[in-house]
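Per-entry structural report
The residues making up each chain are set out below.
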Amino acid sequence: EDQVTQSPEALRLQEGESSSLNCSYTVSGLRGLFWYRQDPGKGPEFLFTLYSAGEEKEKERLKATLTKKESFLHITAPKPEDSATYLCAVQAQETSGSRLTFGEGTQLTVNP
Amino acid sequence: NAGVTQTPKFQVLKTGQSMTLQCAQDMNHEYMSWYRQDPGMGLRLIHYSVGAGITDQGEVPNGYNVSRSTTEDFPLRLLSAAPSQTSVYFCASTWWPKLGGEKLFFGSGTQLSVL
């Protein structure tokens, strides 16, 4: 059974204070690992897809990395508008394009 | 493009009532899916479809039915609502290019309460 564990559950940062969110996973052959951002009352918004260990992707202040057991979402010099819940999900190789297993998320708050 | 549109945004039902959550996408995606989101449990897959006329069960399908008569629409039916179905429901469509880089696009959700 595929599993995704995210830590910490919640994280409070001061504006400009860099940090990392963790996503540990077990899957029977990884097809892809996804990061999403979710704002209150809204649906998840796509951030990144990572496919193989060693891969990195960046978008503005966010950088996602992948190893064989976990992924990190690094947030550099965050701003209050980065406050959101960040979701990690995995897709196994034998599944179709809609079947993701999600973690519970990390709720990030960035104070000005 | 409107993306993925879900209606209604909020709904209150009594135990035993039935209803249909609507989902429509205008991106011509073949893959669509329904997830529910509960506190402490993350998003869980209910049903999914790989194209018109083809549906399959996800992780938590009991109490729900789906059909896919067109590429655009993927309604979710609650046959006899139960309090355990109180949740936030998200519909998603998947852009899946042949060379990889697939993305799920989510709707804004339906908050359902079953009393």
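Preceding this section is the structure that the text describes.
Notes on the structure follow. Keep in mind the model is a prediction, meaning the values are calculated, not measured.

The rules behind the values
- Residues numbered from 1 in each chain as written.
- Chains lettered and ligands numbered in written order.
- Predicted model: local features only at pLDDT ≥ 70, side-chain atom pairs only at ≥ 80, totals over all residues.
- Heavy atoms only, no water.
- Pairing = 2+ DSSP bridges.
- Helix = DSSP H or I, 4+ residues; strand = E, 2+ residues; numbered from the N terminus.
- Axes fitted to C-alpha atoms, helices over the stretch in contact; angles between N-to-C directions.
- Buried < 20%, exposed > 50% of the residue type's maximum accessible area, 1.4 Å probe, protein only.
- Contact = heavy atoms within 4.5 Å.

1. Some details on the sheet that holds strand 1 (residues 3-7) of chain A
All names here are of chain A. Reading across from one edge, 1-3-8-7-6 is the order of the five strands in this open sheet, with antiparallel pairing throughout. The strands lining the two open edges of the sheet, one partner per strand, are strand 1 and strand 6 (56-59). Taking each pair of neighbouring strands and ignoring which way they run, the sheet shows an average axis angle of 15°. Direction of pairing for strand 1 relative to strand 3 (residues 19-26): antiparallel, over a ladder of five bridges. Among the inter-strand pairings, Gln3 is bridged to a residue of strand 3, identified as Thr26.

2. Description of the environment of Gln57 of chain B
Here Gln57 of chain B is to be found in strand 6 (residues 54-57). Gln57 of chain B sits in the partly exposed class, given a relative accessible area of 48%. Put simply, Gln57 of chain B and Ile46 of chain B are 11 residues apart on the chain and 6.4 Å apart in space, counted from C-alpha to C-alpha. Not counting residues up to four positions away in its chain, the partners in contact with Gln57 of chain B are Arg99 of chain A together with Ile46, His47 and Tyr48 of chain B.

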